[in-house]
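# Chain and residue survey
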Amino acid sequence: MRYGDLLANPFEEVTVDVAGKVVLITGAARGIGAEVARRLAAKGAKLALVGLEGEQLRQVAEQCGGRAWEADVTDWQALEAAVDGVVRHFGGIDVVVANAGVAATGFVRSMDPAAFERVVEVNLLGVWRTVRTCLPHLVASRGYCLVVSSLAAIVHIPGNAAYSAAKAGCEAFADSLRAEVRHLGVDVGVAYFSWISTDMVDSADQHPVFGPMRSGMPGPAGRKYPVADVGRAVVRGIEKRSKALHVPGWVGGLKFLRALTPKVVDRQAAGRIPAADREMADGGRSGLVGPGGQAAGTRKPADGR
């Protein structure tokens, strides 16, 4: 029995047991991907982990009783080889979590162009390539696809242009995809996370300009939330084939107020950005952050289709 065979009514919310289901997670070497993998393994899922940082990825796979395939999600050939390997090993794919992502520090006028473009390549084109490569197998299993977007798709803060643009693109891509594949028995969800305590965010917090900017955001917007919160939410989202999930919960409320967020951002930024912009333009450090960013580098993807 495949994943979607449990659905009697496509419009009725169900809870699906993930035990025995094949879950492919990209960007699983650390952070959110690794946390989700461990939690799904504890529920009996079969884990196929895809990403960079091969040794770290294999360690997580061993902890989960799963398998690791080292591949760059922006490289068509490597990604297709990995997915083919997953299907040969497990017999199919029931769930895809398109999680791989990187971030970069910098303002548009002064940041490293290669770093900006690499963020878009990994976070948006990497999601598209992952989904396109896995989609025939999700159709076969009537499975579930979760695209990891971000609070950055809703609130577009200064110094985060590449990440916000890519994550907003992920949201739009997933919304279109959902309507395209519903009749095929495939459900599509979007995950929206605020600042989560991962290596990526922790590394960005060490930046002399952007660290204080992020932590100085007002109220809950400046907080970092435990990666365990995300792990629990993603597992619930997969079990319920959710259309959207939010960590923390207030992120969902902001979606109803997104028309107002640019005014709030402009007001908050007015007193802080001029000095930060001058510092970055005068040679402040910019580029990809964290171990994942170092692994992704600024490589160009292989020619695709």
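Described in the following lines is the structure provided in the data block.

Cut-off values and rules
Residues numbered from 1 in each chain as written. Predicted model: local features only at pLDDT ≥ 70, side-chain atom pairs only at ≥ 80, totals over all residues. Heavy atoms only, no water. Core = buried A, V, L, I, M, F, W, Y, C linked by side-chain atoms within 4.5 Å. Buried < 20%, exposed > 50% of the residue type's maximum accessible area, 1.4 Å probe, protein only. Helix = DSSP H or I, 4+ residues; strand = E, 2+ residues; numbered from the N terminus. Contact = heavy atoms within 4.5 Å. Pairing = 2+ DSSP bridges. Right-handed = clockwise from strand over helix to strand, strands pointing away. Phe/Tyr/Trp six-rings, centres within 6.5 Å; stacked < 30°, edge-to-face > 60°. Salt bridge = Lys/Arg side-chain N within 4 Å of Asp/Glu carboxyl O.

A few words now on the nonpolar core. Grouped together as the largest cluster of nonpolar side chains are 46 residues, with contacts concentrated most on Leu24, Val50, Trp69, Val86, Ile93 and Leu138. Element by element, the count of residues in this core is highest for helix α4 (residues 113–141), at eight residues. Among residues more than four places away in sequence, those in contact with Trp69 are Ala48, Leu49, Val50, Gly51, Leu57, Ala82, Gly85, Val86, His89 and Phe90. Within the second largest apolar cluster, 34 residues are counted, among which are Val23, Ala29, Leu47 and Ala61.

Quick look at the environment of Ala48 now. Assignment of secondary structure puts Ala48 in strand β2 (residues 46–51). Taking the relative accessible area as the measure of exposure, Ala48 reaches 0% and is therefore buried. C-alpha separation for the pair Ala48 and Val22, spaced 26 residues apart in sequence, amounts to 7.1 Å. When neighbours within four sequence positions are excluded, Ala48 is seen to be in contact with Val23, Leu24, Ile25, Arg67, Trp69, Val86 and Phe90.

On to the pairing of β2, then. With five of its six residues buried, β2 lies for the most part within the structure. Relative to strand β3 (residues 67–70), β2 runs parallel, the two sharing four bridges. Pairing of Val50 across the sheet is with Trp69, part of β3. Considered for its hand, the β-α-β crossover made up of β2, helix α2 (residues 54–64) and β3 is right-handed.

Moving on: the packing of aromatic side chains. Taken as a whole, this structure holds two aromatic pairs when the rule is applied. Ring centres of Trp76 and Trp128 lie 5.8 Å apart, and the angle between their planes is 85 degrees; this geometry places the pair in the edge-to-face category. Remark: Trp128 occurs in helix α4 and Trp76 occurs in helix α3 (residues 76–90); sequence separation between them is 52 residues.

Omega for the bond connecting Val247 with Pro248 falls within 30 degrees of zero, at -10 degrees, which places this linkage in the cis form. The topology assignment puts Pro248 in the loop between β8 (244–247) and α9 (250–254). Backbone geometry places Glu53, a non-glycine residue, at a positive phi of 50 degrees. Mapped onto the elements of the fold, Glu53 is located in the loop between β2 and α2. The residue Arg241 is not glycine, and still its phi comes out positive at about 50 degrees. In this structure, Arg241 sits in the loop between α8 (227–240) and β8.

Moving on, we get to the pattern of salt bridges. Two side chains bearing opposite charge may form a pair once their charged atoms approach each other closely. Using the criterion set out here, one finds 11 salt bridges in the structure. For Arg58, the salt bridge identified is with Glu70, shortest N-O distance 3.9 Å. With Arg58 in helix α2 and Glu70 in strand β3, this residue pair connects regions lying 12 residues apart in the sequence. By relative accessible area, Arg58 is classed as partly exposed at 39%.

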